[in-house]
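# Reading the structure
Chain residues, written in single-letter form:
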Amino acid sequence: MIRYSISFGLIALLTACGQPTEKDQFDGQRAALDEKARNLIRLAHSVERGGNIEAAIGMYKQIAMRPGDAVEGHLALSRVYMAQGDEEMALAMLREAKGRQPNHAEVNLRLGKYDIRKARPESALGFFE
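Read on for a plain summary of the structure. (Residues numbered from 1 in each chain as written. Predicted model: local features only at pLDDT ≥ 70, side-chain atom pairs only at ≥ 80, totals over all residues. Heavy atoms only, no water.)

Let us look at helix 4 (residues 53-65). Taking 1.5 Å of rise per residue, the 13 residues of helix 4 would be expected to cover 18 Å, and the 18 Å separating its terminal C-alpha atoms lies within 8% of that figure. Every buried residue of helix 4 is listed here: Ala-56, Ile-57, Met-59, Tyr-60, Ile-63 and Ala-64. Across the axial projection of helix 4, the buried residues extend over an arc of 165°, all falling on one side. Residues of helix 4 that are exposed and point more than 90 degrees away from the buried face comprise Glu-54 and Met-65. Elements in contact with the buried residues of helix 4: helix 3 (35-49), helix 5 (72-83) and helix 6 (87-100). (Helix = DSSP H or I, 4+ residues; strand = E, 2+ residues; numbered from the N terminus. Expected span 1.5 Å × (residues − 1). Buried < 20%, exposed > 50% of the residue type's maximum accessible area, 1.4 Å probe, protein only. Arc of directions from axis to C-beta. Contact = heavy atoms within 4.5 Å.)

Put into structure tokens, the structure is as follows:
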């Protein structure tokens, strides 16, 4: 019982934390992207803010398919798919990102929050640890 209390307390604390802004997320991951990818992600963010979601998704996919361990495209796609109500695709993008960078804080935070929404606190705790 104590373990569940601690787990739920930790989960509540972590979910109370605000989401980082787009600038914070991008700046924190800058080293993983080359100049071309940084420009493409900036353009995709602008296109998305302008309302052309399909074009933004296409650009985010280009970023996600790039070789290496960068996960910015995956995170952006996951966010867009979740906003569109496509949890399955959002989760698939997060799992791909987890495969590229198993210890990436934002990836693990989002996966943990997903498990909280699905009432799986034990699984969520694994991502938060």
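The geometry of helix 5 relative to helix 7 (residues 105-117) is characterised by a closest axis approach of 11 Å and an angle of 25° between their N-to-C directions. In this view, helix 5 runs roughly parallel relative to helix 7, as classed from their interaxial angle. Crossing of helix 5 over helix 7 shows left-handed handedness. Contacts from Leu-75, Ser-78, Arg-79 and Met-82 of helix 5 reach helix 7 at Glu-106, Val-107, Arg-110, Tyr-114 and Arg-117. Residues that form the contact of helix 5 with helix 7 fall into these classes: four nonpolar, one polar and four charged. (Axes fitted to C-alpha atoms, helices over the stretch in contact; angles between N-to-C directions. Parallel < 35°, antiparallel > 145°, perpendicular 65-115°, else oblique. Left-handed = near helix turned anticlockwise from the far one by under 90°. Nonpolar A, V, L, I, M, F, W, Y, C, P; charged D, E, K, R; others polar.)

For helix 8 (residues 121-128), the full list of buried residues reads Pro-121, Ala-124, Leu-125 and Phe-128. Along the long axis of helix 8, the arc covered by the buried residues comes to 105°, so they all point the same way.

We now examine the pattern of salt bridges. In total, this model carries six salt bridges according to the counting rule given. Residue Lys-118 is joined to Glu-87 by a salt bridge in which the shortest nitrogen-to-oxygen separation is 3.1 Å. Separated by 31 residues along the polypeptide, Lys-118 in the loop between helix 7 and helix 8 and Glu-87 in helix 6 bring together distant segments of the chain. On the basis of relative accessible area, Glu-87 is assigned to the partly exposed category, the value being 29%. Note that Asp-115 is salt-bridged to Arg-120, the shortest N-O span being 2.7 Å. Using a relative accessible area of 5% as the deciding quantity, one classes Asp-115 as buried. (Salt bridge = Lys/Arg side-chain N within 4 Å of Asp/Glu carboxyl O.)

Just distances and angles here, no functional claims.
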